[in-house]
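# Breakdown of the fold
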Amino acid sequence: MRQLTSELRHKLDQLETGTVREIAEQLRHLGQSGEYILIPSLLRLMDDDSLVIRQAAEQAVARLIEACPVSELVWLNEHVREWRPSPVIWKRVVEREVHKIDQASTIRLSMLTMHWSGYIREAAVKRMIREDESYSFPYLLLRLNDWVPEIRQLARAALELKLKPEHAKLWMENIMLVERLRICGRDSFESFIESVHHLLRQKECRFVLHNARVSPEPSIRQFAFRISLEAEGTDAGMIMEQALRDENPAIRRWAAQRVDRMLSGQKLREALLGMQLDSVPSIRREGLAVLATMYPDDAKAIIMDRLLDSNLPVRDTARRYAKRWMNVSYAEWYLDVIWGDDQHHLAAAISGLGETGDKADAEVLYEYAKHPSIAVRKAVIRGLMRLDASSYGTHFVDSLKSPQSGISREACRALMHHPYLIQPDVMADLLSDPDALPHVVRNVLRIISSMSKWNQVGLLLQQLPAARHEWVKQAIHRQLYNWARYPNRSYGGRLSVAERGRLHKLLSLCGQELDGDLLHRLEWLMQ
């Protein structure tokens, strides 16, 4: 959430009008919105002449800071500095803020650590260090990469004093700001980051790691699982089992890639069997490969089942291991499933046949081209594209016009691989058809982008003046811009005099639709 909506902009504009009481009430509502993106826009009101407005603004910013994730403080740090007073009064503003720094409220002091003036940031950091409150932790971590060396040194010295187990909870809550230092270049942070990791690996911090592994923040959980495996006296098996049950797919995937190194025996076998029930295909694939290698007897039935998985890489993995005992070709096996009584896996079986069959099997697939299941019809299109695309161009074009967006997009993919299967006049008719569905128009434009370059620009120029909707004009204009902006060798093919004349005529008809730079570049490329 980094962009102000029109509704939020309207509410901010309302702060310019109204009585003091009305502005204070509006600030209260904004503070309750939880939209922390408003903070930079509200800071100027913390210096308003009215005490009521100043207090309301501070309360609103304080509430929004509570709703701001720690990782988003990096974004806030950059945008707080966007508003500055006139350079004429810079010196006066700095002197005033430094003079009043001891009277600043907690929230004001936090914002002053992000101020555009280094003098003010330094004064705010010094007061934070002096007061030594826990809320200052993330703000000091941000100042570790300050562009003023003196401020970096102040913040680092203060934070290094807190590298103790009693502060482990604070370090874990702000660990993403510590990890961010890896990509910061104003100082060398490797030793500092390692010292934080060393602290969290200590036995005294075990309870903090335990709580972090159930944190509502996925990034903190993922870090906690990783560092827990390196901590003193950790039960690696328990950690991996917990990670494999986590609700976040990234964490489960991380655990799946390490499960065979961290577990063994019955625990590993149970974990691998559990991974086969995961909704994420890459996790099923990882588990299947390890299971087939380490527990081939248990894996046989699962591998046969995974031959009908809904995901192509999982099917590929299953076929790699099943060939050890398969007595028939995969194409024959998939045909048996297709012609069998159980139609539950029909879409996967058709996909498998398309992946392993030959040209003759395309006829079998086409028999299911009008099946009521969308998944089956999509699988048919994919299979026909692989096995015998040139014989089924008409089916792809008909499917492109489908009211089902998924069917249309699958046909679009097939035609992008084989654009010669659809005639330019067919695409022109679809683009100019007032009844054409939006997803069909978008897919036609995608197909045009895969055509030879001169055919592509000719079609786009032909359709630009005739486009009935503004979004279609914008899409065509964007493709023309990309066409002109990123030329390649295929532009060098010689144009006949007649073809060049036709393109110039189309370009002249689009003169009012194109900006001058794009128009001149297209003319130059056509020469």
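For the structure itself, look to the data block above.
Residues numbered from 1 in each chain as written. Predicted model: local features only at pLDDT ≥ 70, side-chain atom pairs only at ≥ 80, totals over all residues. Heavy atoms only, no water.

## Looking at the nonpolar core
Phe 396 and Leu 514 are the most contacted members of the largest nonpolar core, which totals 103 residues. Once you skip the residues sitting within four places of it in the chain, Phe 396 turns out to touch Ile 381, Leu 384, Met 385, Ala 389, Ala 411, Ala 414, Leu 415 and Leu 421. If you look at the next biggest cluster of nonpolar residues, it comprises 77 residues, including Leu 27, Leu 76, Met 114 and Met 128. (Core = buried A, V, L, I, M, F, W, Y, C linked by side-chain atoms within 4.5 Å. Buried < 20%, exposed > 50% of the residue type's maximum accessible area, 1.4 Å probe, protein only. Contact = heavy atoms within 4.5 Å.)

## Some details on the packing of aromatic side chains
All told, the structure shown has six aromatic pairs when counted by the stated rule. A centroid spacing of 5.3 Å and a plane angle of 80° characterise the contact between Trp 333 and Tyr 334, whose relative ring orientation is edge-to-face. An aromatic cluster of three or more residues is present, and its members are Phe 137, Trp 171 and Phe 192. A cation over a ring is seen here: Arg 121 above Trp 147, with NZ or CZ 4.1 Å from the ring centre. (Phe/Tyr/Trp six-rings, centres within 6.5 Å; stacked < 30°, edge-to-face > 60°. Lys NZ or Arg CZ within 6 Å of the ring centre and 35° of its normal.)

## Examining helix H10 (residues 149-160)
Its twelve residues place the ends of H10 16 Å apart at the C-alpha level, agreeing with the 16 Å of an ideal helix rising 1.5 Å per residue. Among all positions of H10, only Ile 151, Arg 152, Ala 155, Arg 156, Ala 158 and Leu 159 are buried. Down the axis, H10 shows its buried residues gathered within 165° of arc, on one side only. (Helix = DSSP H or I, 4+ residues; strand = E, 2+ residues; numbered from the N terminus. Expected span 1.5 Å × (residues − 1). Arc of directions from axis to C-beta.)

## Points about the side chain of Glu 179
Positionally, Glu 179 belongs in helix H12 (residues 175-180). Within polar-contact distance, the side chain of Glu 179 engages the side chain of Arg 226 at 3.4 Å. Contacts of Glu 179, omitting those with residues within four sequence positions, involve Ile 193, His 197, Phe 223 and Arg 226. (Polar contact = N/O pair within 3.5 Å; in protein donor to acceptor, adjacent residues only side chain to side chain.)

## Looking at the pattern of salt bridges
Counted according to the given criterion, the structure contains 31 salt bridges. Residue Arg 284 pairs with Asp 309 through a salt bridge whose shortest N-O separation is 2.7 Å. Linking Arg 284 in helix H20 (residues 281-294) with Asp 309 in the loop between helix H21 (296-306) and helix H22 (312-322), this pair joins segments that are 25 residues apart in sequence. An identical accessibility class is assigned to Arg 284 and Asp 309; each is buried. Salt bridges sharing partners connect three or more residues here, namely Asp 47, Arg 96, Glu 97 and Arg 108. (Salt bridge = Lys/Arg side-chain N within 4 Å of Asp/Glu carboxyl O.)

## Looking at the packing of helix H26 (residues 374-388) against helix H27 (residues 393-400)
Interhelical geometry of H26 versus H27 gives an angle of 145° and a closest axis separation of 11 Å. Note on packing geometry: the crossing formed by H26 with H27 is left-handed. Of the residues in H27, those in contact with Ile 381, Leu 384 and Met 385 of H26 are His 395, Phe 396 and Ser 399. The residue inventory of the contact of H26 with H27, partitioned by class, reads four nonpolar, two polar and no charged. (Axes fitted to C-alpha atoms, helices over the stretch in contact; angles between N-to-C directions. Left-handed = near helix turned anticlockwise from the far one by under 90°. Nonpolar A, V, L, I, M, F, W, Y, C, P; charged D, E, K, R; others polar.)

## Examining the side chain of His 418
Its location among the elements puts His 418 in the loop between helix H28 (405-417) and helix H29 (424-432). Once residues within four sequence positions are removed from consideration, His 418 is found in contact with Met 385 and Ala 389.

## Some remarks on the packing of helix H33 (residues 497-509) against helix H34 (residues 516-526)
Here H33 crosses H34 at 175°, and the two axes come no closer than 11 Å. In terms of orientation, H33 lies roughly antiparallel with respect to H34. Contacts from Arg 500, Leu 503, His 504 and Leu 507 of H33 reach H34 at Leu 519, Leu 522, Glu 523 and Met 526. (Parallel < 35°, antiparallel > 145°, perpendicular 65-115°, else oblique.)

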